[in-house]
Amino acid sequence: MTALLEVRGLSVSYGGLRALKDVSFSVAPGECFVLLGANGAGKTSLLRCIGGLVRPVAGAISGNGLSLLGLRPSAIAHRGIAHVPEGRRVFPHLSVFENLSVSWLRRPGGPTLPDAVERIYGMFPRLAERRHQLAGTLSGGEQQALAIGRGLMNSPSLLMLDEPSLGLAPVITRQVFSQLNSIRESGIALLLVEQNASSLDLATRGLVLANGSVALAGSRDNLRDSAFVRRAYLGL
Ligand SMILES: Nc1ncnc2c1ncn2[C@@H]1O[C@H](COP(=O)(O)OP(=O)(O)OP(=O)(O)O)[C@@H](O)[C@H]1O
Ligand SMILES: [Mg+2]
């Protein structure tokens, strides 16, 4: 089966600083691929590179067998890859409805804006209740739901999420992970970047990034049982 996303030998530099070195992995349809890494490991650089926001110095990225290199972020979104950025980045002075609306892409045969928004309200009833509220007045968990809802507006085949649990209380993190699991069960593949190793509960496969390189890769159980993950992420 062709991979939804294939990353081969990817390297990213900022001036003299090498943020990613020779990173390779692939994500199959319906998977939840978890990318664990400590602060500064290169997780955000990797997602921004896939999303077309950063250019790699080497390597290849393809979606459904077609190269994504050099495409604008909007073209990558049109290819079915959505990016929920680090720190949620909702527009605080826009309402929930307006935040969802700005993410909508007009596509031939695609849903209308009202239909796309109603679909998100169906998945996140709290957002429906708060549709006219300014996003800046939502709780952290609600803002994360809004950021995820924006990512889902164009029915992606792959949803990339950059540390959705960041800054959330453990009980809210569990809710967010449970929403992500439902999204995956609905057939949308996830590329989930986290420092929180409980994200492995959702994973099919994954890898650990350390200093920009792949330190470890494998199935969920391989990762969870590894001495490296147990020591560095599970405190065991
Ligand atoms: N725009 C930039 N210009 C220069 N250096 C950068 C830039 N963005 C990231 N870096 C550096 O690249 C390295 C990787 O950063 P990146 O943000 O990708 O890591 P991360 O794993 O997402 O970290 P965090 O967990 O803190 O979000 C770090 O050393 C960082 O300081
Ligand atoms: Mg980051």
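Residues numbered from 1 in each chain as written. Chains lettered and ligands numbered in written order. Predicted model: local features only at pLDDT ≥ 70, side-chain atom pairs only at ≥ 80, totals over all residues.

## Observations concerning the overall build of the protein chain
Now for step 1: Secondary structure assignment for the protein chain yields nine helices and 10 strands.
Now for step 2: With the C-alpha coordinates aligned to their principal axes, the bounding extent of the protein chain is approximately 45 × 40 × 35 Å.
Now for step 3: Every one of the 236 residues in the protein chain was classed for burial, and the buried ones make up 38%.
Now for step 4: Contacts spanning at least 24 positions in sequence make up 66% of the contacts within the protein chain whose residues lie at least 6 apart. (Helix = DSSP H or I, 4+ residues; strand = E, 2+ residues; numbered from the N terminus. Buried ≥ 20, exposed ≤ 12 C-beta atoms within 10 Å, placed from the backbone. Contact = placed C-beta atoms within 7 Å.)

## A look at the sheet that holds strand S7 (residues 158–162)
Now for step 1: Pairing in this open sheet of six strands is mixed, and the strands run S6-S7-S8-S3-S9-S10 from one edge to the other. Across the chains shown, the open sheet's two edge strands, defined by having one partner strand only, are strand S6 (81–84) and strand S10 (213–219). Taking each pair of neighbouring strands and ignoring which way they run, the sheet shows an average axis angle of 15°.
Now for step 2: Relative to S7, S6 is paired through four bridges, and the arrangement is parallel. What sits directly across from Ala82, in S7, is Leu159. (Pairing = 2+ DSSP bridges. Axes fitted to C-alpha atoms, helices over the stretch in contact; angles between N-to-C directions.)

## With respect to the site of ligand 1
Now for step 1: Around ligand 1 there are 13 residues in total, and Tyr14, Ala19, Lys43, Thr44 and Ser45 lie nearest to it.
Now for step 2: Secondary structure elements with two or more residues in the shell around ligand 1: strand S2 (17–27) and helix H1 (43–50).
Now for step 3: The element best represented in the shell around ligand 1 is H1, accounting for three residues.
Now for step 4: Considering only residue class, the shell around ligand 1 consists of four nonpolar, seven polar and two charged. (Near = placed C-beta within 6 Å. Nonpolar A, V, L, I, M, F, W, Y, C, P; charged D, E, K, R; others polar.)

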